[in-house]
Amino acid sequence: MKRLKVSNNVIRRLPRYLRKLDELTAQGITRVSSSELGQQLGLTPSQIRQDFSCFGEFGQQGYGYHVPALREQVASILGMDRHYCAILIGVGNIGHALIDNFCFSDWGFQLSAAFDVKPELIGTTFNKVPVMSMEDLPRYLDENQVDIAVLTVPKDAAVPVTQILTSHGVEAIWNFTNVELTEPNSSTIVENIHFSDSLLSLSYYVSERIDERNARAAREARKG
């Protein structure tokens, strides 16, 4: 598989393709064209073909895409077959909810341990994930290959914990702290998750629609 330098927009669309291919598989559909995919995803067929061409030629002219094969290719591009090791830091409301409800293994991750400072949590197990003391984190990172850390600590702990993770070579951080983490001098990749972002984007589009509707009503009233 070729792997050229791919734009962030293409990478962000890959999980959408994966979800749609999973839906098609569940419906028993084994063949799909770029036109059909585009129609269902709100993308142009040329955009879909261009996205996939960044990684290889997966379709056949006049046939389209074989859904199971394309799904396997997209999953491989996203690294789902590499079985990355993840840990979670901060077993509060968000952390606990992720352990209980988010199936990391479905997406190619093995959640091996969680860490917290609360004595009542240390030594317990949630959904087969052991909770360890934060004091044990540096040693754990030294003794285990940890690819990704899920960060769900309080805001004031975000930067100090990030420094521990980056200094021990963790490849990436999935950051739920609502602190915009940037590590310019580190090779660690940070994905900052802000729950408010999509809600505020939705608010913008609703406001735009209402303003357009009001403006149209005002023009019609002036005509009348």
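Predicted, not measured: the structure shown is a model, and the values here were computed from it.

Trainee: Please clarify how the overall build of the protein should be interpreted in this entry.
Mentor: Check the secondary structure of the protein and you find eight helices and nine strands. Over its C-alpha atoms the protein spans a radius of gyration of 22 Å, topping by over 25% the 17 Å that the globule rule assigns to 224 residues. Its C-alpha atoms put the protein at 70 × 55 × 35 Å along the principal axes. Counting every position in the protein, which comprises 224 residues, the buried fraction comes to 36%. Considering only residue pairs separated by 6 or more positions, the protein has 58% of its internal contacts joining residues 24 or more positions apart. One way to put it: in the protein the 22 positive side-chain charges average out to a point 12 Å from where the 26 negative ones average out.

Trainee: Just checking my understanding: could you explain the environment of Ile11 for this structure?
Mentor: For Ile11, the location among the structural elements is in helix H1 (residues 8-26). Residue Ile11 is classed as partly exposed on the basis of its relative accessible area, which comes to 39%. Sequence-wise, Ile11 and Tyr65 are 54 residues apart; in three dimensions their C-alpha atoms are separated by 19 Å.

Trainee: Can you walk me through the packing of helix H2 (residues 34-41) against helix H3 (residues 45-53) in this structure?
Mentor: Angle between the axes and distance between the axes are the two parameters that describe a pair of packed helices. Here H2 crosses H3 at 110°, and the two axes come no closer than 8 Å. Compared by their axis directions, H2 and H3 come out roughly perpendicular. Residues Ser34, Ser35, Leu37 and Gly38 of H2 form the contact with H3, whose own contacting residues are Pro45, Ile48, Arg49 and Phe52. When its residues are assigned to classes, the contact of H2 with H3 shows four nonpolar, three polar and one charged.

Trainee: Even after reading the chapter, I still don't get unusual backbone geometry, so can you show me in this structure?
Mentor: In this structure, Asn127 is a non-glycine residue whose phi angle is positive, near 50°. Backbone geometry at Asn178 places phi at a positive 70°, although glycine is not the residue there. Tracing the sequence through the fold places Asn178 in the loop between strand S8 (172-175) and strand S9 (189-192).

Trainee: Which parts of the structure should I look at to understand the nonpolar core?
Mentor: The tendency in soluble globular proteins is for nonpolar side chains to be buried side by side. Counting 22 residues, the largest nonpolar core has Tyr17, Leu37, Ile48, Phe52, Phe55, Tyr65 and Leu70 as the members making the most contacts within it. Elements that contribute at least two residues to this core include exactly H1, H2, H3 and helix H4 (67-77). No other element matches H1, which puts six residues into this core. Ranked by size, the runner-up nonpolar core spans 20 residues in total, among them Tyr140, Leu141, Val146 and Ala149.

Trainee: I would appreciate a short explanation of the packing of aromatic side chains in the present structure.
Mentor: Given two aromatic rings, one states the distance between the centres and the angle between the planes to describe the pair. For the structure shown, the criterion picks out ten aromatic pairs. Ring centres of Phe102 and Phe104 lie 4.9 Å apart, and the angle between their planes is 80°; this geometry places the pair in the edge-to-face category. Through pairs of rings, three or more aromatic residues link up here, namely Phe102, Phe104, Trp174, Phe176 and Phe195.

Trainee: Got a minute to help me understand the environment of Asp142 in this structure?
Mentor: Note that Asp142 resides in helix H6 (residues 137-143). Separated by 26 residues in sequence, Asp142 and His168 have C-alpha atoms that sit 7.0 Å apart.

Trainee: Please clarify how the sheet that holds strand S4 (residues 109-116) should be interpreted in this entry.
Mentor: Strands belonging to one sheet form pairs held by backbone hydrogen bonds; the direction of such a pair is parallel or antiparallel. An order of S5-S6-S4-S3-S7-S8-S9 is seen for the seven strands of this open sheet, with the pairing classed as mixed. In the strand order of this sheet, the two ends are held by strand S5 (125-126) and S9, each with one partner.

Trainee: Just to check I follow, could you spell out the pairing of S9 for this structure?
Mentor: Side chains on a regular strand alternate between the two faces of the sheet. Residues Val190 and Asn192 line the buried face of S9, whereas the alternating positions Ile189 and Glu191 sit on a face that is not buried. Sheet topology places S8 next to S9; four bridges connect them, and they run parallel. Along S9, the bridge assignment pairs Trp174 with Glu191.

Trainee: What should I look at first to understand the side chain of Thr152 in this one?
Mentor: Turning to its location among the elements, Thr152 is positioned in the loop between strand S7 (148-151) and helix H7 (155-167). For Thr152, a relative accessible area of 11% corresponds to the buried category. At a separation of 2.5 Å, a polar atom in the side chain of Thr152 contacts the main-chain carbonyl oxygen of Gly90. When sequence neighbours within four positions are dropped, the list of residues in contact with Thr152 reads Leu88, Ile89, Gly90, Ile94, Gly95, Leu98 and Phe176.

Trainee: How do you make sense of the pattern of salt bridges when you look at a structure like this?
Mentor: Side chains that differ in sign of charge can pair as their charged atoms come close. Counting across every chain of the model gives seven salt bridges. One salt bridge connects Glu191 with Arg12, and the closest N-O pair in it is separated by 2.7 Å. Of this pair, Glu191 sits in strand S9 while Arg12 sits in helix H1; the two residues are 179 residues apart in sequence, bridging distant segments of the chain. We classify Arg12 as partly exposed; its relative accessible area is 45%. Arg139 serves as the salt-bridge partner of Glu143, at 3.4 Å between the closest nitrogen and oxygen. With Glu143 and Arg139 both in helix H6 and four residues apart, this pair spans about one turn of that helix. The exposure class of Glu143 is exposed, given its relative accessible area of 55%. Residue Arg139 is classed as partly exposed on the basis of its relative accessible area, which comes to 43%.

About the thresholds
Every residue gets a number counted from 1 within its own chain, in the order that chain's sequence is written. Totals for whole chains, interfaces and linings use every residue, but because this is a predicted model, local features are given only for residues with pLDDT of at least 70 and side-chain atom pairs only at 80 or more, for both listing and counting. Note that water and hydrogens are dropped before the side-chain values are worked out from all heavy atoms of the structure. Put simply, DSSP H or I for four residues or longer makes a helix, DSSP E for two residues or longer makes a strand, and each gets a number counted from the N terminus. The globule rule is 2.2 Å times the number of residues to the power 0.38, and the radius of gyration it is compared with is taken over C-alpha atoms. Burial classification: accessible surface area is computed with a 1.4 Å probe over protein chains only, and a residue below 20% of its type maximum counts as buried, one above 50% as exposed, and the rest as partly exposed. Working rule for contacts: check all heavy atoms of both residues, and any pair within 4.5 Å makes them a contact. Charged residues are defined here as Lys and Arg on the positive side and Asp and Glu on the negative side; His and the ends of the chain fall outside this count. For charged residues, the charge sits on one atom: NZ in Lys, CZ in Arg, CG in Asp, CD in Glu. Every axis corresponds to a line fitted to the C-alpha atoms, with the helix fit spanning only the stretch in contact, and the corresponding angles, defined between N-to-C directions, vary from 0 to 180 degrees. Our angle categories are set so that under 35 degrees counts as roughly parallel, over 145 as roughly antiparallel, 65 to 115 as roughly perpendicular, and the remainder as oblique. Only Asp, Glu, Lys and Arg are considered charged, only Ala, Val, Leu, Ile, Met, Phe, Trp, Tyr, Cys and Pro nonpolar, and every remaining residue, Gly among them, polar. The definition of a nonpolar core used throughout is a set of buried Ala, Val, Leu, Ile, Met, Phe, Trp, Tyr and Cys residues joined through side-chain atoms within 4.5 Å. Whether two aromatic rings pair depends on their centres lying within 6.5 Å, for rings of Phe, Tyr and Trp, where Trp uses its six-membered ring; planes under 30 degrees apart make the pair stacked, over 60 edge-to-face, and the rest tilted. For two strands to count as paired, DSSP must find a minimum of two bridges between them. Each polar contact in these results corresponds to two N or O atoms within 3.5 Å; when the atoms are within protein, one needs to be able to donate a hydrogen and the other to accept it, and residues that are neighboring in sequence are counted only if both atoms are side-chain atoms. Think of a salt bridge as a Lys or Arg side-chain nitrogen and an Asp or Glu carboxyl oxygen that are within 4 Å of each other.

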